[in-house]
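As a plain string of letters, each chain reads:
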Amino acid sequence: MIKNIGIIGAGQMGCGIAHVSAVAGYKVHIYDVAKERIEPALATINGNLARQVSSGKMSDDARNQALSRITASADVNDLANADLVIEAATEDESVKRKIYAQVCPVLKPEAILATNTSSLSITRLASSTDRAERFMGIHFMNPVPVMKLVELVRGIATDEETFQAAREFVNTLDKTTTVAEDFPAFIVNRILLPMINEAIYTLYEGVGTVEAIDTAMRLGANHPMGPLQLADFIGLDTCLSIMQVLHDGLADSKYRPCPLLVKYVEAGWLGRKSGRGFYDYRGEHPVPTR
């Protein structure tokens, strides 16, 4: 029975998963190795819950109850009680493996360990833990409180009990699950990221400007956000790392990251989070950078 949720990583995804888990009635503990990230994370969750109150989606009482269920610390031992731990660290396999080496000895033997990876091999990540049967991918979409979908991904060793427990947990969050096989980038990013990469090629080759491409896809394909605007929202470093996983894992030239995407990442222009990407966010309104 899953009652206590541990979240590894106090970034955007970790905060979102903590938020929806607490609203659904679970006790949540956020662990982050960097002490300085903890206060801002709790403030972010508080702000996002407050927004739901002001838009009428939640009562003030429900918000206070959700907040009372969340704790956070920089001490890995605080995960000892968790029934399910979801790792939401940066999309870097070596970082994730280091985290598992540190976390696994602390966890209860029966605890499930999950990763929120958007592209990496679940089977390979599981092999670096002490519980491959109790390890799987639970991939939330960003922003977690808004997006309805969660991809469930089994590794080759994931047992049926783990899979069913994860599915039941996600269903209690009022999310819809889709089951993806353990191939690079699963379903959503296998389709979405090459589209974004193609939009960047369209810009790189001078077929259209940033504004022309985003307007074309918003109004011509009825997308809520243009692909370059979406890339900035996701983070261009994340977009690049997913394209590299696709290119390395499937060895098909159609997944080659656009050189312009590489250049932006090398410049530190990572999108909204760094103030510049395909748009410049430093003024009052975003302005295209090309």
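Residues numbered from 1 in each chain as written. Predicted model: local features only at pLDDT ≥ 70, side-chain atom pairs only at ≥ 80, totals over all residues. Heavy atoms only, no water.

**Observations regarding the environment of Val106**
Our working rule: Each helix is a run of DSSP H or I of at least 4 residues and each strand a run of E of at least 2, with the numbering of both proceeding from the N terminus. Contact criterion: two residues are considered in contact whenever any of their non-hydrogen atoms come within 4.5 Å of each other.
By secondary structure assignment, the location of Val106 is in the loop between helix 4 (93-103) and strand 5 (112-115). The sequence separation of Val106 and Asn81 amounts to 25 residues, and the corresponding C-alpha distance is 9.1 Å. Residue contacts for Val106: discarding those within four places in its chain leaves Val76, Asn77, Leu79 and Ala80.

**Overview of the environment of Asn189**
Stated precisely, the cut-off is as follows: Whether a residue is buried, partly exposed or exposed follows from its accessible area with a 1.4 Å probe, protein chains only, as a fraction of its type maximum: under 20%, in between, or over 50%, in that order.
Residue placement: Asn189 occurs in helix 7 (residues 188-204). Exposure remark for Asn189: the relative accessible area of 7% places this residue in the buried category. Once residues within four sequence positions are removed from consideration, Asn189 is found in contact with Ser118, His139, Pro194, Ile242 and Leu246.

**Comments concerning the domain arrangement of the protein**
In plain terms, the rule: Domain extents, as shown, originate in an automatic or database domain assignment. When two components associate, each loses some accessible surface as probed by a 1.4 Å sphere; the sum of these losses over both components is called the buried area. Criterion for a salt bridge: a side-chain nitrogen of Lys or Arg within 4 Å of a carboxyl oxygen of Asp or Glu. When residues are grouped by polarity, Ala, Val, Leu, Ile, Met, Phe, Trp, Tyr, Cys and Pro land in nonpolar, Asp, Glu, Lys and Arg in charged, and all others, Gly among them, in polar.
In terms of domains, the protein is made up of domain 1 (4-181) and domain 2 (189-288). Domain 1 and domain 2 are separated by 27 Å when their C-alpha centres are compared. With both sides pooled, the region where domain 1 packs onto domain 2 buries about 510 Å², and carbon together with sulfur makes up 57% of that total. Among the residues of domain 1 in contact with domain 2, Glu91, Ser118 and Ser119 are the three that bury the most area, contributing 56% of the side total. Run the count over domain 1 and domain 2 and you get zero salt bridges. Residue classes in the side of domain 1 that touches domain 2 are distributed as two nonpolar, four polar and one charged.

**Some details on the nonpolar core**
As a reminder of what qualifies: Nonpolar cores are built from buried Ala, Val, Leu, Ile, Met, Phe, Trp, Tyr and Cys residues. Side-chain atoms within 4.5 Å join them into one set.
Counting residues in each nonpolar core, the largest one holds 35 residues, and the members touching the most others are Ile5, Val28, Leu84, Ile138, Phe140 and Phe169. Of all the elements, helix 1 (residues 12-23) adds the most residues to this core, at six residues. In contact with Val28, other than residues within four places in its own chain, are Ile5, Ile7, Ala18, Ser21, Ala22, Arg69, Ile70 and Thr71. Residues Tyr255, Leu261, Phe278 and Tyr279 belong to the second largest nonpolar core, which totals 27 residues.

**Thoughts on the UniProt feature "binding site: NAD(+)" (unreviewed entry) in the protein**
Using the following cut-off: UniProt positions are given in the numbering used here, feature names are shortened, and annotations may be inferred rather than shown by experiment. Cavity and pocket criteria rest on a 1 Å grid covering protein atoms alone: a 1.4 Å probe that fits but cannot get out defines a cavity, protein on both sides within 12 Å along at least 5 of 7 lines defines an open pocket, and an atom within 4 Å of a point defines a lining residue.
On the UniProt side, "binding site: NAD(+)" (unreviewed entry) is annotated at positions that read Gly9, Ala10, Gly11, Gln12, Met13, Gly14, Asp32, Glu91, Lys96, Ser118, Asn142 and Lys273 here. Set against the largest pocket, the annotated residues named above that line it are Gly9, Ala10, Gly11, Gln12, Met13, Gly14, Asp32, Glu91, Lys96, Ser118, Asn142 and Lys273. Residue placement: Ala10 occurs in the loop between strand 1 (4-8) and helix 1. Beyond its immediate stretch of four places on either side in the chain, Ala10 contacts Cys15, Ile30, Asp32, Arg37 and Ala41. With respect to the helices, strands and loops of the structure, Ser118 is situated in the loop between strand 5 and helix 5 (122-126). Apart from the residues lying within four places of it in its own chain, the contact partners of Ser118 are Glu91, His139, Ala185, Phe186, Asn189 and Ile242.

**Let's talk about the pairing of strand 7 (residues 149-154)**
For the record, the criterion: Paired strands are those between which DSSP finds at least two bridges. When the strands point away from the viewer and the connection leading from the first strand across the helix to the second strand turns clockwise, the crossover is called right-handed.
Judged from the five bridges that link them, strand 6 (residues 135-140) and strand 7 form a sheet pairing that is antiparallel. Counterpart to Gly137 in the pairing with strand 7 is Val153. The sheet contact formed by strand 7 and strand 8 (residues 176-180) spans five bridges and is parallel. The partner of Leu152 across the bridge, within strand 8, is Val179. Remark: the strand 7/helix 6 (residues 160-172)/strand 8 crossover connection has right-handed handedness.

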